[in-house]
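# Chain and residue survey
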Amino acid sequence: MSSPPPDLSLPIIDLANLSTTTQSATTLSDLSSKLHTAFTTTGFAYLTNTPLTLTDHDILTLAHTLFALPHASKMAVAKRTFRPANSNTYRGYFPAQPSPDSLKEGFELGPTTTLPPTLSPLSPHTTINLNEPNIYPPHLPAPARASLETLHRELQALSSTLLSLLATALGQPPSFFAPYLHHSISTLRLLHYPAKKHAEANAAPRFACAPHTDSGLLTLLFQDATGGLEVQSAIVDDDIDGHWTPAPYVPGSIVVNVGDLMGRVSGGEYRATRHRVRSSPEGMDRYSVPFFFEPGAECVVRSVRDEGDRGVRYGEHVLGKMSGWAEFRDGGEGGMVGVESGGEIEVAA
C-alpha cells in the first residue's frame, strides 16, 4: 500500500494476519479491539492488506467496463421502475436520475446462490423481491461477470470474518451472528458519477449522494482517486450539520463503515455514521464499488445489550430505507423515476 495522505484522520487497520493459514488468539483479539475502537468512535476505518484476489485497480476496472457498455445493453437489465417490461425489481441496472441527491448510475448484484422469493410491497405501485436472482447486461464479457461473482463471494467471506471479530468485542462467541447470515442478501453495487459539463458546473447540486447512513451491518467500499466522500463527525454546539471529514482514496485500501443494523445490534455502541459524496470537479467522472453486508431478509435483528428488544425484520427495515432512494422512487406522490420510452429516458411526472 502507498503511504496514506498526511492529513488522514480515519484509522487504518492492517488485516495482513488474516491471510495466514492460522491466526493466534492474540492476533484475533488485537484485530477485534482495533475494530471495536474504530466503530465506537468514528464508525469508519480503512482496511489494508485484505485477503482478496482482486486488487482495487481490478475492481474499479470492472466498473469502467460495465458502465462503458452501450446504453441499450444496460437498459436491457434495468429495474422495472425504469423499464416496465422487465421483471427484475431489485437487482440489475439503474440510470442516472434527475434528482438533486443522486447524480449516479449503478448496477447491483447479490449472492450467486438461489434464494426463495421474498415479495414485499415497497409502495402501492411496486413490489420488490429482495431475494431476486442476478441479471447481467447481454454484452458484459464473461470474464467480467465471473470476476464480479468472485468479488461478491470474497467480500461476503471477509465481512463474515469481521463480524465474528465484532461479536467477540461485544462479549459474544465468534459464531454468535452466524444465524443472521442465513439467506444473506448482501449487495455488491457498482457506481458511476458522470462528469459535469462546463454548462452544468454552476447549476449542479453540491452532492452526488446526499447525507445518509447505510442500512445493513457493514459496508466495504472501493473508491477511485477522484475524491468526494466525506464522513460526519460529532455535532458540535448548535451546528446541527456537524463537521464533515474527507475520506480520500488510499491506494490498496477498503473503506469500512458501520450500518444501521450493526448500530442496533451493539446497543448503540457502534456508530452508524452519516456520510455523503460531494459532486466531482468539472469534467471528472467518479467510480466506486460498495459492498453492503446484509443479513437475510427474514432475519430479526436485536440488540445484544437489551433483552427486551423485540427486534426488527431486516426486510422491513431495508424497504423502509429504500422508499427514500432515488433509484427506487416509483413516480407516486413525491417521487420521480426515469422510464424508458423509445430508447430515451423520460421523467415521469
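Above this note sits the structure.
Summary of the structure given here. (Residues numbered from 1 in each chain as written. Predicted model: local features only at pLDDT ≥ 70, side-chain atom pairs only at ≥ 80, totals over all residues. Heavy atoms only, no water.)

### Concerning the side chain of Ser 303
- Among the secondary structure elements, Ser 303 is positioned in the loop between β15 (300-301) and β16 (312-313).
- Looking at Ser 303, its side chain comes within polar contact range of the main-chain nitrogen of Asp 306, at 3.4 Å. (Helix = DSSP H or I, 4+ residues; strand = E, 2+ residues; numbered from the N terminus. Polar contact = N/O pair within 3.5 Å; in protein donor to acceptor, adjacent residues only side chain to side chain.)

### Some details on helix α2 (residues 56-67)
- Counted at 1.5 Å a residue, the expected span for α2 with its 12 residues is 16 Å, and the 17 Å between its end C-alpha atoms agrees.
- Burial in α2 covers these residues: Asp 56, Ile 59, Leu 60, Leu 62, Ala 63, Leu 66 and Phe 67. For α2, the arc enclosing every buried residue in end-on projection is 145°, short of the 170-degree limit, so these residues lie on one face. (Expected span 1.5 Å × (residues − 1). Buried < 20%, exposed > 50% of the residue type's maximum accessible area, 1.4 Å probe, protein only. Arc of directions from axis to C-beta.)

### Focus on the sheet that holds strand β13 (residues 275-278)
- Spatially, β8-β13-β10-β11 is the arrangement adopted by the 4 strands of the open sheet, whose pairing is antiparallel. Two strands bound the open sheet, and with one partner strand each, they are β8 (207-212) and β11 (244-246). Strand-to-strand twist across the sheet, computed as the mean angle between neighbouring axes with direction ignored, equals 25°.
- Bridge count between β8 and β13: 3 bridges; the pairing is antiparallel. In the strand pairing of β13, Cys 209 is matched with Val 277. (Pairing = 2+ DSSP bridges. Axes fitted to C-alpha atoms, helices over the stretch in contact; angles between N-to-C directions.)

### Quick word on the pairing of strand β7 (residues 187-193)
- Taking burial as the measure, the 7 residues of β7 include 7 buried ones, the bulk of the element.
- Burial along β7 is two-sided: Thr 187, Arg 189, Leu 191 and Tyr 193 facing one way and Leu 188, Leu 190 and His 192 facing the other are all buried.
- With 5 bridges joining them, strand β4 (residues 105-109) and β7 adopt antiparallel strand pairing. By the bridge assignment, Gly 106 is partnered in β7 with Leu 191.
- Pairing between β7 and strand β14 (residues 286-293): 5 bridges, direction antiparallel. Paired with Tyr 193 across the strands is Arg 286, a residue of β14.

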